[in-house]
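Coordinates in review
Here is what each chain is made of, one letter per residue.
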Amino acid sequence: MTFALGRRALLAAAAALSLTGPAVAGGHQMLDSIHFLIPGGAGGGWDGTARGTGEALTKSGLVGNASYENMSGGGGGKAIGYLIENAESNYGTLMVNSTPIIIRSLTGVFPQNFRDLTLVAGTIGDYAALVVNADSDIDNMEDLLAAYDADPNATAIGGGSVPGGLDHLVAAMVMEAAGKDPLQVKYIPYDAGGKAMAALLSGEIAALSTGFSEAVALAEAGEVKIIGVTSDERVPAYEDAPTLKEQGIDTSFVNWRGFFGAPGLPEEQVTAYQEAIAKMYDTPEWEEVRARNGWVNIHNSGEDFRSFLEKQEQVIGDLMKKLGFL
């Protein structure tokens, strides 16, 4: 363990020291490397966001290389705690996160909140989706609601987050908008999106509440059917997926995702990360990643990011109280 931490610290320090090298030399490359810390397992939305961002940054030449580390546990709290406790050795690290950092701090899943980290930038929005197994008799939201009315206990909805977390919150919002009691919905949590998808494919759950981008790849492979998306209009990345609104369920939602640094991250390094991310949006490599995943560009940097998070904290908190989660 001591060797592993020491090695990681050396790699992170080397990455931090390299931040300004290429820019000073006047080259296209802005950073030598970025290490992405992912608070969940493979196959989830955080994992896809970090790897997609790293792909765009490296293929566009803005960053020399990107590395990735999955650190599941505590609803994302393990990775947050690690980043805070080992701050100085992780100045070369960016941690991906999203709406759950607000939800889980509000509910006390972990004691920290976004104010305990260095805010770098919000980058994308990802709609939520309800999906079923490709072999399911359920083809749309009307079928799911009929199955729920017939036997609520046999119509469990799973998600890659803890009870009261984002996937649960979205499922509750949808069911409430459909005229059902959101507190009666049987929700089964899984540690990451990949595990939740496996539960869906095995028949352990009837439907899955997940990120739209996570659902698209499996839908294109013929493994699931997307029966409802929380967008106002159909998303070009997968136009076969119907919106909830067109099925008479008046609700919409978009989950932001973005990046945070360790507390105390030097200002020049914060700026270097922010400038690289800002330039990424103008590259065809990013547009390819964004379009493939059906993401929406939501770029909030620095204090704009903080204002955005504070506003969402208020909105989400009010909604969770209404639904009985707080």
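Anything mentioned here points back to the structure above.
Residues numbered from 1 in each chain as written. Predicted model: local features only at pLDDT ≥ 70, side-chain atom pairs only at ≥ 80, totals over all residues. Heavy atoms only, no water.

**A short note on the overall build of the chain**
Inclusion rule: Here a strand is any run of E in DSSP of at least two residues, a helix any run of H or I of at least four, and the numbering for each starts at the N terminus. As defined in this context, the radius of gyration uses C-alpha atoms, and a globule is described by 2.2 Å times the residue total to the power 0.38. Between buried and exposed lies partly exposed: a residue is buried under 20% and exposed over 50% of the maximum accessible area for its type, with that area taken using a 1.4 Å probe on protein chains only. The criterion used for residue contact is that any of the two residues' heavy atoms lie within 4.5 Å. All accessible areas in this document rest on Shrake-Rupley with a 1.4 Å probe, and a residue is counted as covered only by the protein chains that are shown. Residues scored as positive are Lys and Arg, those scored as negative are Asp and Glu, and His as well as the terminal groups of each chain are ignored. Working definition for charges: the position is that of NZ of Lys, CZ of Arg, CG of Asp or CD of Glu.
Tallying secondary structure elements over the chain gives twelve helices and ten strands in all. Its C-alpha radius of gyration of 20 Å places the chain within 12% of the 20 Å reference for a compact globule of 326 residues. Among the 326 residues that make up the chain, the fraction classed as buried is 55%. Across the chain, every contact between residues at least 6 apart in sequence was considered, and the portion connecting residues at least 24 apart equals 76%. Accessible area for the chain stands at about 13,300 Å²; split by element, carbon and sulfur atoms hold 50% of it. Taking the 21 positively charged and 41 negatively charged side chains of the chain as two groups, their mean positions are separated by 3 Å.

**Re the packing of helix α7 (residues 166-177) against helix α12 (residues 303-323)**
The line we're drawing: The axes used here are C-alpha line fits, helices contributing only the stretch in contact, and every angle between their N-to-C directions lies in the interval 0 to 180 degrees. Angle categories: roughly parallel below 35 degrees, roughly antiparallel above 145, roughly perpendicular from 65 to 115, and oblique for all the rest. The handedness criterion is simple: a crossing whose near helix is rotated anticlockwise from the far helix by less than a right angle is left-handed, and one whose near helix is rotated clockwise is right-handed. In the scheme used here, Gly and all other residues not listed as nonpolar or charged are polar, with Ala, Val, Leu, Ile, Met, Phe, Trp, Tyr, Cys and Pro taken as nonpolar and Asp, Glu, Lys and Arg as charged.
In contact at an axis separation of 11 Å, α7 and α12 are set at 60° when each is read in the N-to-C sense. Put simply, α7 runs oblique to α12. α12 is crossed by α7, and the crossing has left-handed handedness. Note on element contacts: α12 touches α7 through Ile316, Leu319, Met320, Lys322 and Leu323, opposite Leu169, Ala172, Met173 and Glu176. Taken together, the residues of the contact of α7 with α12 break down into seven nonpolar, no polar and two charged.

**With respect to the packing of aromatic side chains**
We count it as follows: Each Phe, Tyr or Trp ring, with Trp reduced to its six-membered ring, pairs with another whose centre is within 6.5 Å; inter-plane angles below 30 degrees give stacked pairs, above 60 give edge-to-face pairs, and intermediate values give tilted ones.
Applying the stated criterion to the full structure yields eight aromatic pairs. Ring plane angle 85° and centroid distance 6.4 Å describe the contact between Trp256 and Phe308, whose orientation is recorded as edge-to-face. Remark: Phe308 occurs in helix α12 and Trp256 occurs in strand β9 (residues 254-261); sequence separation between them is 52 residues. With relative accessibility at 2%, the residue Trp256 sits in the buried group. Chaining the aromatic ring pairs together yields one cluster made of Trp256, Phe260, Phe305 and Phe308.

**Describing the pairing of strand β8 (residues 224-229)**
One face of the sheet, then the other: side chains in a regular strand alternate in exactly this way. In plain terms, the rule: Strand pairing requires that DSSP identify at least two bridges connecting the strands.
Of all six residues in β8, five are buried, a share of seventy percent or more. Relative to β8, strand β4 (residues 118-133) runs antiparallel, the two sharing five bridges. Paired with Val132 across the two strands is Lys225, which belongs to β8.

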